[in-house]
Amino acid sequence: MTTDVLAMVLAGGEGKRLMPLTADRAKPAVPFGGTYRMIDFVLSNLVNGGYLKLVVLTQYKSHSLDRHISKTWRLSTLLGNYVTPVPAQQRVGPRWFAGSADAIHQSLNLVDDEMPRYVVVFGADNIYRMDPQQMLDQHIASGAGVTVAGIRQPLSMADQFGVIEVGADGKQISAFREKPKDTKGLPDAPHEIFASMGNYIFTTSVLVDAVNRDAEDKNSKHDMGGNIVPMLVESNEAHVYDFRDNDVPGQRESERGYWRDVGTLDSYYEAHLDLISAEPEFSLYNAQWPIYSNQESWPPARVQGAGGKAGTAVESLLSSGSVISGAEVSRSVLSPGSHVRSGAKIEASVLMQGVQVGANAVVRNAILDKNVVVPDGATVGVDLDRDRELYTVSDNGVVVIGKGQLVKG
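A brief structural summary. (Residues numbered from 1 in each chain as written. Predicted model: local features only at pLDDT ≥ 70, side-chain atom pairs only at ≥ 80, totals over all residues. Heavy atoms only, no water.)

### Regarding the overall build of the protein chain
Here's step 1: For the protein chain, the helix and strand inventory stands at nine helices and 29 strands.
Here's step 2: Considering only C-alpha atoms, the protein chain reaches an extent of 70 × 50 × 40 Å along its principal axes.
Here's step 3: The buried share among the 409 residues of the protein chain stands at 56%.
Here's step 4: Restricting the contact set of the protein chain to residue pairs at least 6 apart, pairs at least 24 apart contribute 59%.
Here's step 5: Of the roughly 17,300 Å² of accessible surface on the protein chain, 48% is carried by carbon and sulfur atoms.
Here's step 6: The distance from the centre of the 38 positive side-chain charges to the centre of the 48 negative ones in the protein chain is 6 Å. (Helix = DSSP H or I, 4+ residues; strand = E, 2+ residues; numbered from the N terminus. Buried < 20%, exposed > 50% of the residue type's maximum accessible area, 1.4 Å probe, protein only. Contact = heavy atoms within 4.5 Å. Areas by Shrake-Rupley, 256 points an atom, 1.4 Å probe, with all protein chains shown as cover. Lys, Arg positive; Asp, Glu negative; His and termini not counted. Charge placed at Lys NZ, Arg CZ, Asp CG, Glu CD.)

### With respect to the side chain of D266
Here's step 1: Position of D266 among the secondary structure elements: in helix α8 (residues 265–273).
Here's step 2: Lacking a salt bridge, the buried D266 has R388 as its closest oppositely charged neighbour, with an N-O distance of 9.7 Å.
Here's step 3: When near neighbours in sequence (up to four residues on either side) are disregarded, D266 contacts S394, D395, N396 and V398. (Salt bridge = Lys/Arg side-chain N within 4 Å of Asp/Glu carboxyl O.)

### Here we look at empty space enclosed by the protein
Here's step 1: Scanning the model with the defined rule gives one cavity of 30 Å³ or more in all.
Here's step 2: By volume, the largest cavity amounts to about 50 Å³.
Here's step 3: V163, I164, E165, V166, K184, G185, L186, I193 and F194 together form the lining of the largest cavity.
Here's step 4: Elements supplying a minimum of two residues to the lining of the largest cavity: β9 (162–166) and β11 (192–203).
Here's step 5: With four residues, β9 is the largest single contributor of residues to the lining of the largest cavity.
Here's step 6: Here the lining of the largest cavity is composed, by residue class, of six nonpolar, one polar and two charged. (1 Å grid on protein atoms, 1.4 Å probe; cavity = no way out; pocket = protein on both sides within 12 Å on 5 of 7 lines; lining within 4 Å. Points joined across faces, edges and corners; volume = space filled by probe spheres on them. Nonpolar A, V, L, I, M, F, W, Y, C, P; charged D, E, K, R; others polar.)

### Topic: the sheet that holds strand β27 (residues 379–380)
Here's step 1: Ordered in space as β15-β18-β21-β24-β27, the five strands form an open sheet in which the pairing is parallel. Looking at the sheet topology across the chains shown, the edges are occupied by β15 (312–314) and β27.
Here's step 2: Inspection of the sheet shows β15 paired to strand β18 (residues 328–330) by three bridges, in the parallel sense. If you follow V314 over to β18, its bridge partner there is S330. (Pairing = 2+ DSSP bridges.)

### A short note on the layout of surface pockets
Here's step 1: For the second largest pocket, the calculated volume is near 400 Å³.
Here's step 2: Along the wall of the second largest pocket there are 20 residues; nearest its centre are T35, R37, N294, E296 and Q353.
Here's step 3: Of all the elements in the fold, those that place two or more residues in the lining of the second largest pocket are β3 (36–37) and α2 (63–72).
Here's step 4: The biggest single contributor to the lining of the second largest pocket is α2, with four residues.
Here's step 5: In the lining of the second largest pocket, the residues fall into five nonpolar, ten polar and five charged.

### Examining the pairing of strand β5 (residues 82–86)
Here's step 1: Pairing of strand β4 (residues 53–58) with β5, which is carried by five bridges, proceeds in the parallel orientation. Across the sheet, the residue bridging to K53 is Y82, located in β5.
Here's step 2: This β-α-β element, β4 to α2 to β5, shows right-handed connectivity. (Right-handed = clockwise from strand over helix to strand, strands pointing away.)

### Focus: the environment of G409
Here's step 1: Looking at the secondary structure, you find G409 in the segment after β29 (399–401).
Here's step 2: Accessibility expressed as a relative area gives 77% for G409, which makes it exposed.
Here's step 3: Separated by 26 residues in sequence, G409 and D383 place their C-alpha atoms 13 Å apart.
Here's step 4: Filtering out sequence-adjacent residues up to four positions away, G409 remains in contact with A378 and R386.

### Regarding the sheet that holds strand β14 (residues 302–304)
Here's step 1: Judged by pairing direction, the sheet is parallel, and its five strands sit side by side in the order β14-β17-β20-β23-β26 without closing on themselves. The open sheet has two free edges, formed respectively by β14 and β26 (373–374), since each of these has just one partner strand.
Here's step 2: Taken together, the two bridges between strand β17 (residues 323–325) and strand β20 (residues 339–340) define a ladder with parallel strand orientation. Bridge pairing links V323 to H339 in β20.

Below, the structure is given as structure tokens:
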């Protein structure tokens, strides 16, 4: 069935809650896990699932995202396969995308070009593994117009999500509500709700009709979850896909249903911590369902003694080209080209590409963006009151320093 499918990835969000990491890059282009970009996770899921015609709808600060896609995601043109970024084309007037549904409406020429039977519409900035073919199989078998991926969450957290309410069969969507305070639990689990993952599969004719009708509604916010899905719920054409049922090759049972929306600095930070324990909640080492990215020609990672001190790294991910010289690194992620010098201590932190940490410096509970320089003896994350005056500090006390910034000594 994969030849009948066009995949559309929504990658146009501003990512305001991830500032300063999104100061000059799109949210899906934010680095993650040392050697990846956020968008690599959804593209890997789609490609691993056999979908090899993919368009990425972009908008804000898209240069680094476009560059990453063009350098990394090259499929066989001989076989008609492609991954291509598509900016707002202004085909319906001189304006940007007004929402995710409008992004698709302005890009319907891409659907016309391929004439697929089904359109997969996935978000670009979540961390997870998923076989989309299993969701498509259910969609086809059910005869639904749209199938929405749902992840089970505690009923007590309903007011934090877009909630999918279902009928007695547990499949047909009876309501789609944004952060409700009075929802009920699932028929088979009264203490749980379905939270929308922002992943949809449409029968093409249903999608085209829905976004065209939505475009004519001047009161619409032109949002997939807020407008298109409720429209199809009203016509009894919407079903839910239970993400818990998704079986990913090579995945440990403890990873089943892992999905993280990394839309805030704290959730982005916590998702990194999920990677680094002895039995990580989400493992990057699944050879049967790899996460692809552009692995540049860096030398191997190196841990060495310096200044009479041994270099150590415990429960950490060390990317190629990273160097630990007589320093202590624990529960951290070091990206390519990062260098930690003698006597420095890095604790529970994320160091992006090219970060330089000087001798005897301390970095604790922090995210340092590309090419940040921490001088000898400086501290980050030790005195939060001071750090709040100088840098961004999240609600949970994670210190975030923007790209290329020189840390105060």
